[in-house]
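# Survey of secondary and tertiary structure
Spelled out, the chains give:
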Amino acid sequence: MAQEDFNPRILGFLCNWCCYAAADSAGVSRYQYPPNLRTIRIMCTGRLDPAFVFRGFAEGADGIFTGG
Amino acid sequence: MTKAMTKKAGAVMVVGGGVAGVQAALDLTELGYYVYLVEKAAAIGGAMAMLDKTFPTNDCSL
Amino acid sequence: MVEAGRSPNIKILSNTDFLKLSGKPGDFTAKLRVRPRYIDHDKCTACGMCTQYCPRHLVDGYNEGLALTRPIHIDYPQAVPASYFIDPEACLHLKHGTCKICVSACQARAIDFDQQPEEMDLKVGAVVMAPGFGRVPDSALDKYSYGKHPDVVTSLEFERLLCASGPFEGELLRLSDRQHPKNLAFIQCVGSRDLGCDNGYCSSVCCMYAIKEAMVAKEHEPEIAITIYYMDMRTQGKGFDAARARAEAMGIKFVRARVADVMPWGNQLKLTFATMDGSHYFEAYDMVVLSVGLDSPADAANLADSAGFALNDYNFCRTSTFAPLQSSQEGVLVAGAFQGPKDIPESVTQSSAAAGLVSALTKKDRGKGYVVKSYPDEQQLTDDDEVRIGVFVCHCGVNIAGVVDVPDVDQYVEGMEGVVYHAQSLYSCSQDAQEVLKQKIKEHNLNRVVIAACSPRTHEPLFQETLKDAGLNRCLIEMVNIRDQCSWVHANEPAAATSKSKDLVRMGIAKARHIKPLPEQTVPVIDKALVLGGGIAGLTAALNLAEQGYATALVEKEAQLGGHLQEARYTLRGEEVAKTLKGLIDQVNKHKNIKVFTDTELVQLNGYVGNFSSQLKSRKGKGQESTIDHGVVVVATGGREHRPEKVLDSPVKYSAKVVTQRELEQRLAGKAKNRAPGSVVMIQCAGSRGDDLGYCSKNCCNDAVKNALKIKEINPESQVIVLYRDLRTYGYAEDYYRRAREQGVLFIPYSMDNKPRLTAGGKAPKVGFYDPLLREEVNLSPDLLVLSTGIVPDDTATLSRLLKVSVNEDKFYLEAHVKLRPVELPVSGAYVCGLAHSPQPVEEIIVQAQAAAAKAAIPLVKGYVSVEPTVSSVDQSACIGCGLCEALCPYQAIRMHKDENNKRKAETVTASCKGCGICAAHCPVFAISMGGFTDEQITAQITAFGQQ
């Protein structure tokens, strides 16, 4: 598969207080980024059970993003 | 015709329904007061409602 | 705003004139006149049918006259109250007795032409005046061809042009020919700093909004060339200089010049300007924006007369440095731009402060008029109940719908498991949309709600409140962020943004199927306050809390109260400092609700909002310790004058000839004969704005002007030269700057590319600088070299550790939110004010301290704090008592206890729990559940992610 055809599906787990807030402010300042990320808000990345990551891959995610 | 408002004690009047008036009204209620918010225009909001973004972070103003 | 519309304790009287105030503080009577809307507020559904049928056009005031509306209309869809009104001056029926088309067009039968003006008397204990600001007279705009050429617009008109809800839906077009302008100029100080229109003051906001509008315009039109013509860039607020630097990096040009006039020139505009060296130039522009200042409100004189208070020379409310919000009428306070031109955060701070002052003034009546909001009984929900989800997809005007295909997303959810209702909404946060939401919940018996709109961080509380009103537990909502994290960031990829929205909505619905009602929890509050710091901020905050009726402990590490203000002698306005400060200290010392601890330090602080316990230690004698229990804490640890060892790259040795502004002030207040020598050079930003400190210290320009005037007063022959970068005498301080110039003080600007060269040591200080007017280098050996060194916070390292809060890179405390929560610290129950917060003049410190006291009093008044339901809970039967969670919890919010069978079990300390979920992620037996973020819910979201 050519590099440019690769359109990954990324699952993100975002901390409410930092990364989710940062993603909000990216929107507020109209930062543009590729639309490949689907996010799940959690209250802290401490909440991220490793099982969630495995589950994400099993459900077809090409990558998992965590921000916190 | 004059209609008397027989509001009991503990009421405060805020004149002006812009951002300052609205904030004062909200804080007064949090401090246990009943507030009459008097605005001469048809809706509250004042000049703030006309702004699109605010400085320096360019947040939405509403 | 919507919050104010919903509060049961705020009665909004719109379309209402304030006529007269009589009586005395605590017992005023206010006479009002309510003008008719001609529309029954209770019946109007804000459907807009009447506007469509109204035959007459009317210039739209809300859009600054740039668009048309009808005599019957609403200003904007989110207006509060959300009901239409008829402009009696334009309505054909009210003017000429004809028409009445709207009456039959209105299906709600809300139109009532029989309404009459109504007068009413209100009994109120106190009054807060917040009428805002007015427009500068058109005559001040004449010379810029405003009104003569359509492409000369005011900044407020430009704001509407840029706005998505504005006349061109956010597209930047010239009004003359609907073409995109290629270049654009901003002219600063229009109607401010201008005696021509009697507005000698600086409006304090125009520099900021010009930069903002320029940046937004540049985002809309990346190719556009923008120049801002200014005299001084007064971006003195926290982070403001950085925004200016960002604007410069975007390619926006800043030119220091005075604009003489603007004239039509072909289909362009010719702008003539003079630079600092006196040269004249001209430049052609497609569009010119006038940065108009804030004038006093048009009805200021009327208001003052009706309520019996005095105005200042500029027709704003008259107040003083040490009682900044007190009008000359006792019981009447002022807040916002009417106190003096200012920006939104500062207005909001003043409002909180005014509320606190009212609370102190009328404390005996507190709570007597308070209406406790009642909610319908909460509908009980069991696991057996059918899941009935309602999905609402928001357009947010064009914010979402301009990118995402909202109807497509709405249609997409049709038939999804559990979804029994779905709809679109133009602005789902508007008051009328809340009513629709409530109605739909009842109509379709919804027991879960999914809102696809903006961020839960900003809007979830609003929807939760509506759920409560509808009899649902407030946790039964899931917000899907298709604006901030979708339409706004994928503006150029509508298809991808729509498909992302669908995925996110599907995942949100999957979670919603598993959300459960959570109980409301409250924690009692100890009704005592602790104030740290006995300077002007701490004294003010403690006094206000005490006057509101709360026992307050005031802790000062030095032997004496007063802080660094003790070193000041007089204010810019000429008020004496020492006497006022002493009066305040006496009041604090004598107050029965205040216990003063001098020579004392805080050594430990435990607990959480409502239940803090602090350990104090005396710095004297044996170091006696005492413990104080309190519900809230106000941090007012202050700051002091900076003393840099190097200024503008030159080493400094302070001496009798090289002094700081504060030292000069003390000397000038003294009696020494030669205290105002024949030649004085002052260096501004000698330590601030990137020289040593990264920020603008906000005081030094005022101090330089103040001391320069004092020197001239003592020795009119003295030659005083002030070398500056931007002279930031914002607000009324501009008057004194002008006076100093009139009295012969020379103000000469310097730039960072060509800094003054100092020899600032020993007995003969020397200064060399470039004079742009003479266009040559000047070398001087002044009798006195005065350095405006700026302000640094007092030690914040120790206390920030004790409080577990952070400081910014400049060592000032970081507030919870710069605009929305400026005096709150991120730790609940902790507040900050004064120089510990940011550098600011004494008047602003006092306001901020009053605001902090007002905010701190809120939990004390309530007697409890509510805890977010998103906390952890431990299933006692599943817990094996391993203690892993207790060890991992960063907030000490889980502790081990023994159950009735003497088995070790974990339990949550609800008030301390921040809901982070570390415990739940690590529990080996899955005994810990996170409210609103259960394993089940997150797993459902992940599974839905896979079902694309």
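These figures come from a predicted structure and were not determined experimentally. (Residues numbered from 1 in each chain as written. Chains lettered and ligands numbered in written order. Predicted model: local features only at pLDDT ≥ 70, side-chain atom pairs only at ≥ 80, totals over all residues. Heavy atoms only, no water.)

Let us look at the overall build of chain B. Of the regular secondary structure elements, chain B holds 1 helix and 5 strands. When the helices and strands of chain B are read in sequence order from the N terminus, they spell out β-β-α-β-β-β. For chain B, with 62 residues in total, the buried portion stands at 71%. When contacts within chain B are restricted to residue pairs at least 6 apart in sequence, long-range pairs at least 24 apart make up 28% of them. Surface exposure of chain B reaches about 1900 Å², of which carbon and sulfur atoms provide 60%. (Helix = DSSP H or I, 4+ residues; strand = E, 2+ residues; numbered from the N terminus. Buried < 20%, exposed > 50% of the residue type's maximum accessible area, 1.4 Å probe, protein only. Contact = heavy atoms within 4.5 Å. Areas by Shrake-Rupley, 256 points an atom, 1.4 Å probe, with all protein chains shown as cover.)

Listed as interface residues are 91 residues of chain C and, on the opposing side, 56 residues of chain B. Summed over the shared surface of chain C and chain B, the result is 2 salt bridges. In this structure, Glu30(B) engages Lys862(C) in a salt bridge whose closest nitrogen and oxygen atoms are separated by 2.8 Å. The tally of links from chain C across to chain B stands at 24 residue pairs in polar contact (both at pLDDT 80 or more). Each residue belonging to the side of chain C that touches chain B can be placed in one class, and the counts come to 47 nonpolar, 20 polar and 24 charged. Here strand β3 (residues 34-38) of chain B pairs with strand β1 (residues 10-13) of chain C via 4 bridges, running parallel. Paired with Tyr36(B) across the strands is Lys11(C), a residue of β1(C). (Salt bridge = Lys/Arg side-chain N within 4 Å of Asp/Glu carboxyl O. Polar contact = N/O pair within 3.5 Å; in protein donor to acceptor, adjacent residues only side chain to side chain. Nonpolar A, V, L, I, M, F, W, Y, C, P; charged D, E, K, R; others polar. Pairing = 2+ DSSP bridges.)

Attention shifts here to the sheet that holds strand β20 (residues 448-453) of chain C. Residues and elements named next belong to chain C. The 4 strands are arranged β19-β18-β20-β21 in an open sheet whose pairing can be described as parallel. Of all strands in the sheet, those bounded by a partner on one side alone are β19 (419-425) and β21 (477-481). Strand after strand, the sheet turns through a mean of 15° between neighbouring axes, direction not considered. Across 5 bridges, the pairing between β20 and β21 is parallel. The residue of β21 that forms the bridge with Ala452 is Val480. Helix α14 (residues 494-512) contacts β18 (389-394), β19, β20 and β21 of the sheet and is inclined by roughly 165° relative to β21. (Axes fitted to C-alpha atoms, helices over the stretch in contact; angles between N-to-C directions.)

For the rest of this paragraph, the subject is the pattern of salt bridges. On inspection of all chains with the given rule, the structure shows 61 salt bridges over all chains. With a shortest N-O distance of 3.4 Å, Arg9(A) and Asp503(C) are connected by a salt bridge. Of the two residues, Arg9(A) sits in the segment before β1 (10-15) while Asp503(C) sits in helix α14, which places them in two different chains. With its nearest N and O atoms 3.3 Å apart, the salt bridge here joins Asp726(C) to Arg256(C). One end of the pair, Asp726(C), is in the loop between β35 (719-724) and α19 (733-742); the other, Arg256(C), is in strand β13 (residues 253-265), with 470 residues separating them in the sequence. The burial state of Asp726(C) is the same as that of Arg256(C); both residues are buried. Salt bridges linked by common partners bring Arg193(C), Asp232(C), Arg234(C), Asp241(C), Arg244(C), Glu248(C), Arg256(C), Arg689(C), Asp726(C), Arg728(C) and Glu734(C) together as one network.

Time to look at the interface of chain A and chain C. Listed by partner, the interface residues are 39 residues for chain A and 43 residues for chain C. Both sides together, the interface formed by chain A and chain C hides about 3500 Å², and carbon and sulfur atoms give 56% of it. Three residues, Arg9(A), Arg38(A) and Arg47(A), lead the burial of chain A against chain C; their summed loss comes to 20% of the area buried on that side. Linking chain A with chain C are 5 salt bridges. Between Asp24(A) and Arg457(C) there is a salt bridge; the shortest N-O distance is 3.9 Å. (Buried area = accessible area lost by both parts, 1.4 Å probe.)

What follows deals with the sheet that holds strand β3 (residues 63-67) of chain A. Residues and elements named next belong to chain A. Taking strand neighbours across the sheet as the criterion, the 3 strands line up as β2-β1-β3 in an open arrangement whose pairing is parallel. Pairing within the sheet leaves two strands with one partner each, and these edge strands are β2 (37-42) and β3. Across this sheet, the average inter-strand angle for adjacent strands is 20°, counted without regard to direction. In this structure, β1 lies alongside β3, joined through 5 bridges in parallel fashion. Residue pairing in the sheet places Ile10 in a bridge with Gly63 of β3. Across the sheet, helix α1 (residues 19-28) touches β1, β2 and β3, and the angle it forms with β1 is around 105°.

All names here are of chain C. Under the defined criterion, the tally for this structure stands at 19 aromatic pairs over all chains. For the pair Phe158 and Phe186, a centre-to-centre distance of 5.7 Å together with 90° between the ring planes defines the contact as edge-to-face. Highlighted residues: Phe158 in helix α5 (residues 155-162) and Phe186 in strand β11 (residues 183-190), separated in sequence by 28 residues. On the basis of an interplanar angle of 75° and a centroid distance of 6.5 Å, the ring pair of Tyr724 and Phe747 is categorised as edge-to-face. Here Tyr724 is found in strand β35, whereas its partner Phe747 is found in strand β36 (residues 746-749), with 23 residues between them in sequence. Taken together, Tyr201, Tyr314, Phe316 and Tyr732 form an aromatic cluster joined through their ring pairs. (Phe/Tyr/Trp six-rings, centres within 6.5 Å; stacked < 30°, edge-to-face > 60°.)

For the rest of this paragraph, the subject is the nonpolar core. Ranked by size, the top nonpolar core spans 79 residues in total, and within it Leu28(B), Leu545(C) and Val634(C) carry the most contacts. The element contributing the most residues to this core is helix α21 (residues 842-862) of chain C, with 13 residues. Not counting chain neighbours up to four residues away, the residues in contact with Leu28(B) comprise Val12(B), Val14(B), Tyr33(B), Val35(B), Val128(C), Ala355(C) and Val358(C). Membership of the second largest hydrophobic core comes to 42 residues, among which are Val404(C), Val413(C), Val480(C) and Cys486(C). (Core = buried A, V, L, I, M, F, W, Y, C linked by side-chain atoms within 4.5 Å.)

All names here are of chain C. Following the sequence through the fold, His422 ends up in strand β19. One polar contact links His422 to Asp410, side chain to side chain, over a distance of 2.8 Å. Only 2.5 Å separates the side chain of His422 from the side chain of Glu414, close enough to count as a polar contact. Not counting chain neighbours up to four residues away, the residues in contact with His422 comprise Val391, Asp410, Gln411, Val413 and Glu414.

Counting all residues, the mean pLDDT for chain C is 92, and 98% of those residues have values of 70 or more. In the model output, the complex is listed with pTM 0.84 alongside ipTM 0.96. (pLDDT = per-residue confidence, 0-100.)

This part takes up the pairing of strand β2 (residues 16-24) of chain C. Residues and elements named next belong to chain C. Relative to strand β3 (residues 27-34), β2 is paired through 8 bridges, and the arrangement is antiparallel. In the strand pairing of β3, Ser22 is matched with Thr29. As consecutive antiparallel partners, β2 and β3 are separated by 2 residues, and within that stretch Gly26 has a phi angle of approximately 90°, a positive value.

Another aspect to go through is the environment of Asp121(C). Residues and elements named next belong to chain C. Checked against the element boundaries, Asp121 lands in strand β8 (residues 118-124). For Asp121, a relative accessible area of 22% translates into the label partly exposed. On a C-alpha basis, the gap between Asp121 and Lys31 in space is 4.6 Å, while along the polypeptide they are 90 residues apart. Within the structure, the side chain of Asp121 is placed 3.4 Å from the side chain of Lys31, a separation counted as a polar contact.

Quick look at the confidence of the model for chain B now. Of the residues in chain B, 61% have a pLDDT of 70 or more, and the chain-wide mean is 75. Here strand β5 (residues 59-60) of chain B is the element of chain B with the lowest mean pLDDT, 41, and strand β2 (residues 11-15) of chain B is the one with the highest, 96.

This brings us to helix α24 (residues 935-946) of chain C. Given 3.6 residues per turn, any residue in an α-helix points the same way as the ones three and four places further on. Counted at 1.5 Å a residue, the expected span for α24(C) with its 12 residues is 16 Å, and the 17 Å between its end C-alpha atoms agrees. Looking at α24(C), one finds that the buried residues are Gln937(C), Ile938(C), Ala940(C), Gln941(C), Ile942(C), Ala944(C) and Phe945(C). In this structure, the buried side of α24(C) is in contact with β1, β2 and α2 (50-58) of chain A together with β21 and α14 of chain C. (Expected span 1.5 Å × (residues − 1).)

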